[in-house]
Amino acid sequence: MFVLLFILLAVLIGLGFLDALWWVAAAVLVFALVHYGRGGTRGWRRGSDAEYGEYRDYRDRQERWDRRYRRQRRGRWMRQERRDRQDREHRG
């Protein structure tokens, strides 16, 4: 696909020596390839909607992971604290 677009671009540039309108067509093709090839941008916002969606999904997964394992760690900490307290009581 990329090779065909590159050949088309070369042909349009070559035809541009006959008529400048072909150079305009080549410029439009280059703009379209650059703009839509990376997902495009809207306004001042950086990145595409797809990139933001991927980030949001990652953030949500990370948050669920943290919540799930924070509870398990809290239980482990509380058990360890009880054991430490019992050890101190038996020694003291």
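Above this text is the structure in question.
Everything in this summary refers to the structure shown in the same document. Nothing here was measured: the structure is a model prediction, and the numbers come from that model.

Conventions and cut-offs
Residues numbered from 1 in each chain as written. Predicted model: local features only at pLDDT ≥ 70, side-chain atom pairs only at ≥ 80, totals over all residues. Heavy atoms only, no water. Helix = DSSP H or I, 4+ residues; strand = E, 2+ residues; numbered from the N terminus. Areas by Shrake-Rupley, 256 points an atom, 1.4 Å probe, with all protein chains shown as cover. Expected span 1.5 Å × (residues − 1). Buried < 20%, exposed > 50% of the residue type's maximum accessible area, 1.4 Å probe, protein only. Contact = heavy atoms within 4.5 Å. Patch = residues over 30% accessible without salt bridge, like charges linked within 9 Å, V, L, I, M, F, W, Y side chains within 5 Å. Salt bridge = Lys/Arg side-chain N within 4 Å of Asp/Glu carboxyl O. Lys, Arg positive; Asp, Glu negative; His and termini not counted. Charge placed at Lys NZ, Arg CZ, Asp CG, Glu CD. Phe/Tyr/Trp six-rings, centres within 6.5 Å; stacked < 30°, edge-to-face > 60°. Axes fitted to C-alpha atoms, helices over the stretch in contact; angles between N-to-C directions. Parallel < 35°, antiparallel > 145°, perpendicular 65-115°, else oblique. Left-handed = near helix turned anticlockwise from the far one by under 90°. Nonpolar A, V, L, I, M, F, W, Y, C, P; charged D, E, K, R; others polar.

With that settled, the discussion passes to the overall build of the protein. Across its full length, the protein carries three helices and zero strands. For the protein, the accessible area works out to roughly 8600 Å², and carbon and sulfur atoms hold 59% of it.

Here the focus is helix α2 (residues 21-37). In this model, α2 (17 residues) spans 24 Å end to end at C-alpha, consistent with the 24 Å of a helix rising 1.5 Å per residue. The complete set of buried residues in α2 reads Ala26, Leu29 and His35. Its buried side turned inward, α2 meets α1 (2-15).

On to a positive patch on the surface. A surface patch of like charges, here positive, comprises Arg61, Arg64, Arg68, Arg70, Arg71, Arg73, Arg74, Arg76, Arg79, Arg82 and Arg83. Take arginine 74: it is sitting in helix α3 (residues 49-91). For arginine 74, a relative accessible area of 44% gives the class partly exposed.

This next bit is on a nonpolar patch on the surface. Together, Phe2, Val3, Leu4, Phe6, Ile7 and Val11 give the surface a local cluster of nonpolar side chains, amounting to about 670 Å² of exposed area. On the secondary structure map, valine 11 appears in helix α1.

In this section: the packing of aromatic side chains. Under the criterion given, the structure shown has two aromatic pairs. Between the aromatic rings of phenylalanine 17 and tryptophan 23, the centroid separation amounts to 5.4 Å while the plane-to-plane angle is 80 degrees, which identifies the pairing as edge-to-face. Since its relative accessible area comes to 38%, tryptophan 23 is described here as partly exposed.

What follows deals with the packing of α1 against α2. Two elements in contact, α1 and α2, have axes separated by 7 Å at closest approach and are oriented at 155 degrees. By the angle between their directions, the pair α1 and α2 is classed as roughly antiparallel. Here α1 runs over α2; the crossing is left-handed. Along its contact with α1, which presents Leu5, Leu8, Leu9, Leu12, Ile13 and Leu15, the element α2 presents Trp22, Trp23, Ala25, Ala26, Leu29, Val30 and Leu33. In terms of residue class, the contact of α1 with α2 is made up of 13 nonpolar, no polar and no charged.

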